[in-house]
Amino acid sequence: MAETLRVALAGAGKAGSLLARAFHHHPRAAVTRICSGSDASARVLAGELGVHDFGSMYSDVAADPAVDAVVVASPNAFHCGQTVSALRAGKHVYCEKPMANSVAEAETMLAAASESGRTLMLGFTERFNQPVLEAKSRIEQGEIGQPVMLLARRCHPKFIVRGRSWLNDRETGGVINYVGTHNLDLVCWLLDSQPERIYAETGRLVLPPEQEFTDSAVMTLRFRNGAIATLYESFGYPDPYPAGCDRSLEILGTKGAMTIDLMRQPLSVFSPTGTSVGDAVTWPWSAGPPEGAVAAIVDHFVEAVLDSKPVLTSGAAGMQAMVLATAASRAGATGEVQVLGGRRGP
């Protein structure tokens, strides 16, 4: 592998643009092509980064010999097809969460990665937040004893949904699949165990009916090691809410406890338009290169590919989150506890 990883972006929305900037500023990477369903979005991002090859034809990305890796940051419905075609073309893939829209799609992606021998990494950025990494380290050191109970919250204000007609159950799988996979991955990693059963209550509780999006869910998981976790997910918080995503964790151990509050961050802004909380951890506000978890996860991917190292958030981790999200959605629809099999994700 060359010393510089040549990267193509599939998707020029919020996540795609931020990831493109992180790869652009990485000393061992270069963005060589940008593809988006919107020619205008691709043109704007390409102009900002000085990228000459851009457009809306994804087939050009997979066929480009000047591309070593593809970042799939398109809407969920395209994840499987774009990932598989890139892997079969010999490209490494960084795929945004959720991995896909179904377990069957995720299995197809895993098979393509195995057959190609290329890296498939999932964009579970929460594992790369410094407070979360510190919590994981302290848990492993035994500081709070054996973790036995965990509460995870992930709450978005309603304005995140406005104008996104594609943000519906059919195209995203609802709140559980669309963003709940972040916490499903996180709790398995922090508790270092696999769930044996899961239950959920879900509903379209706040957003207008025409959105056709399940905006709220509460999940409860029992793990093989006896631990219990509850996940609270919502897209129904008020528009004036001061953060784009309010996330927190509480972890109880046999000898102590710890909390992580990613909303109560160092920067608060009070202006005539209201109060806002600057993200100092995951997607930090900065006029310069991206920092925080997004920079850390990009660095991890580049190093893994160029130096032939394993990735922390593998395709298997994405599959595990998909299996859990699917089971939780089924539990919410049927009112029945779902007993789980033995899939494991690192």
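As shown above, the structure is provided for reference.
If you're wondering where the values come from, they're calculated on a predicted model, not measured in any experiment.

Asker: Please clarify how unusual backbone geometry should be interpreted in this entry.
Answerer: Apart from glycine, the bulk of residues carry a negative phi angle, and the bulk of peptide bonds sit in the trans form. Each neighbour pair has its own omega, and for Lys97 with Pro98 the value is -15 degrees, a cis peptide bond. Secondary-structure assignment places Pro98 in the loop between β5 (92-96) and α5 (103-116). Positive phi outside glycine occurs at Asp192, with the angle close to 50 degrees. Its location among the elements puts Asp192 in the loop between α9 (180-191) and β8 (195-203). Residue class for Asp192 comes out exposed when judged on its relative accessible area of 55%. Although it is not a glycine, Glu212 adopts a positive phi angle of roughly 55 degrees. On the secondary structure map, Glu212 appears in the loop between β8 and β9 (216-223).

Asker: Just checking my understanding: could you explain the sheet that holds β8 for this structure?
Answerer: Across the sheet, which stays open at both edges, the seven strands sit in the order β12-β11-β7-β10-β9-β8-β15 with mixed pairing between neighbours. Both outer strands of the open sheet, β12 (257-261) and β15 (338-339), are each paired with one neighbouring strand and no more. Relative to β9, β8 runs antiparallel, the two being bridged by eight bridges. Across the sheet, residue Arg197 finds its bridge partner in β9, namely Arg222. Packing against the sheet, helix α6 (residues 130-140) makes contact with β7 (147-157), β11 (246-253) and β12, and its axis sits at approximately 170 degrees to β12. Contacts between α9 and the sheet are confined to β7, β8, β9, β10 (228-237) and β11, with β7 contributing the most and set at about 160 degrees to the helix.

Asker: Hey, could you run me through the sheet that holds strand β1 (residues 5-10) in this one?
Answerer: Two orientations exist for strands paired in a sheet by backbone hydrogen bonds: parallel and antiparallel. Spatially, six strands are ordered β3-β2-β1-β4-β5-β6 in an open sheet, and the strand pairing comes out parallel. Each end of this open sheet is capped by a strand with a single partner; those strands are β3 (53-55) and β6 (120-123). Ignoring strand direction, the axes of neighbouring strands in this sheet form an average angle of 25 degrees.

Asker: Just to check I follow, could you spell out the environment of Met258 for this structure?
Answerer: Following the sequence through the fold, Met258 ends up in strand β12. Spatially, the C-alpha atom of Met258 lies 9.9 Å from that of Pro147, the residues being 111 residues apart in sequence. If near-sequence neighbours (up to four positions away) are discounted, Met258 is found in contact with Ala135, Arg138, Ile139, Ile144, Leu249, Glu250 and Ile251.

Asker: When you look at the nonpolar core in this model, what are you seeing that I'm missing?
Answerer: Burial of nonpolar side chains together is a common tendency in soluble globular proteins. Counting 44 residues, the largest nonpolar core has Leu150, Leu184, Leu190 and Phe235 as its most contacted members. Ignoring any residue separated from it by four or fewer positions in sequence, one finds Leu150 in contact with Val187, Leu190, Leu191, Ile228, Ala229, Thr230, Leu249, Glu250 and Ile251. If you look at the next biggest cluster of nonpolar residues, it comprises 32 residues, including Ala42, Val71, Ala293 and Ile297.

Asker: What should I look at first to understand the packing of helix α1 (residues 14-25) against helix α10 (residues 292-306) in this one?
Answerer: Helix-helix packing: each pair is described by the crossing angle between the helix axes and the interaxial distance. Where α1 meets α10, the axes come as close as 9 Å, and the angle between the chain directions of the two elements is 60 degrees. The angle between the axes of α1 and α10 places the two elements in the oblique class. Between α1 and α10 the crossing geometry is right-handed. Residues Leu19, Ala22 and Phe23 of α1 form the contact with α10, whose participating residues are Val294, Val298, Phe301 and Val302. Of the residues in the contact of α1 with α10, the class split is seven nonpolar, no polar and no charged.

Quick notes on the rules
Residues numbered from 1 in each chain as written. Predicted model: local features only at pLDDT ≥ 70, side-chain atom pairs only at ≥ 80, totals over all residues. Heavy atoms only, no water. Helix = DSSP H or I, 4+ residues; strand = E, 2+ residues; numbered from the N terminus. Buried < 20%, exposed > 50% of the residue type's maximum accessible area, 1.4 Å probe, protein only. Pairing = 2+ DSSP bridges. Contact = heavy atoms within 4.5 Å. Axes fitted to C-alpha atoms, helices over the stretch in contact; angles between N-to-C directions. Core = buried A, V, L, I, M, F, W, Y, C linked by side-chain atoms within 4.5 Å. Parallel < 35°, antiparallel > 145°, perpendicular 65-115°, else oblique. Left-handed = near helix turned anticlockwise from the far one by under 90°. Nonpolar A, V, L, I, M, F, W, Y, C, P; charged D, E, K, R; others polar.

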